[in-house]
Amino acid sequence: MALRPVQVNIKALDAPAVGRFWAEALGWQAYSPGVTTYVGPAGGIVWPDPVAVGIDVVPVSEPRAAAKNRVHLDLATASAAHQAELVARLEALGATPADVGQGDVPWRVLTDPEGNEFCVLEPREVYRDTGPIAAVVVDCADPRAMARFWGEALDWALREVTDDHAVLRSAKGVGPYLEFLRTPDVKTAPDRVHLDLLPYPGDDKEAEVARLRALGATDLDLGQGEVPWTCMTDPEGHEFCVCALS
């Protein structure tokens, strides 16, 4: 039994607008299968996508807290010119430069139209085959502990772990990386961005949820009521959901 990340969930006051931004940013397409706006590769909605980790933008009424998100996206580029062109295009779409204390670094930190941080990376060989999203990045206090939990929770392979960071990727070597970076920040507000996980066909969702509890995950009540997904937190309080196969 194992789970796979299938989408990054972003809460937004204007979900269609944020969805359109990310579709344009990634060269993907925004789909509206229901109340949410799903952003995935063009050519028709495929869920779960066999390679990409999509974005699901969920409408909410609560504005974003001032605190920096603990989960963000890193976008890949192929050259210095590509990085400059992408940053300019994103700013024209409504992105804003942001200072999160990064100092003098070769990547550019921006926010989407509702203030969610993301990075446009300088070209890096490791991300040459990830697609437009290089990595889903999670701030944490203990990367080794996160590697133990998420390495058991997912069917993704642990690529690297140190005191400062842990890196996982699909065992098939496709799509984005999942990275946990050691930071001094602590959680001060509900996560605006989180991962949604999905069992494989034939696996039992409730058995997967029980397995996560045994690994150290905790059930989370956000007032969601009776829904087909299960809200949880990992041992450091990062929120995530276990979805059901439709």
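Here is a short report on the structure shown in this document. (Residues numbered from 1 in each chain as written. Predicted model: local features only at pLDDT ≥ 70, side-chain atom pairs only at ≥ 80, totals over all residues. Heavy atoms only, no water.)

**Examining the nonpolar core**
Here comes step 1: If you look at the biggest cluster of nonpolar residues, it comprises 51 residues, and the most contacted ones within it are Trp22, Leu90 and Phe118.
Here comes step 2: Here the element with the most residues in this core is helix H1 (residues 15-26); it accounts for seven residues.
Here comes step 3: Those residues in contact with tryptophan 22, other than ones at most four positions away along the chain, are Ile10, Val39, Ile55, Leu73, Leu75, Asp112 and Phe118.
Here comes step 4: One finds Cys119, Ala134, Val137 and Val167 within the second-largest nonpolar core, a separate group that totals 11 residues. (Core = buried A, V, L, I, M, F, W, Y, C linked by side-chain atoms within 4.5 Å. Buried < 20%, exposed > 50% of the residue type's maximum accessible area, 1.4 Å probe, protein only. Helix = DSSP H or I, 4+ residues; strand = E, 2+ residues; numbered from the N terminus. Contact = heavy atoms within 4.5 Å.)

**Points about the sheet that holds strand S9 (residues 133-140)**
Adjacent strands of a sheet form backbone hydrogen bonds with each other and so pair up, either parallel or antiparallel.
Here comes step 1: Spatially, S6-S7-S8-S5-S9-S12-S11-S10 is the arrangement adopted by the eight strands of the open sheet, whose pairing is mixed. The open sheet has two edge strands, strand S6 (96-97) and strand S10 (157-161), and neither has a second partner.
Here comes step 2: With two bridges joining them, S6 and strand S7 (residues 108-111) adopt antiparallel strand pairing. Of the residues in S7, the one forming a bridge with proline 97 is leucine 110.
Here comes step 3: Contacts from H1 reach strand S5 (71-75), strand S8 (117-120) and S9, with the element oriented near 30 degrees to S5. (Pairing = 2+ DSSP bridges. Axes fitted to C-alpha atoms, helices over the stretch in contact; angles between N-to-C directions.)

**What about unusual backbone geometry?**
Here comes step 1: With omega at 0 degrees, the peptide bond leading from tryptophan 47 into proline 48 counts as cis.
Here comes step 2: Here proline 48 shows up in the loop between strand S3 (37-40) and strand S4 (54-59).

**Digging into the pairing of S9**
Here comes step 1: Most of S9 is tucked away: eight of the eight residues are buried.
Here comes step 2: In this structure, S5 lies alongside S9, joined through five bridges in antiparallel fashion. Note that in S9 the partner of histidine 72 across the bridge is valine 137.
Here comes step 3: Bridge count between S9 and strand S12 (residues 177-182): six bridges; the pairing is parallel. Within S12, the position partnered with valine 138 by the bridge is phenylalanine 180.

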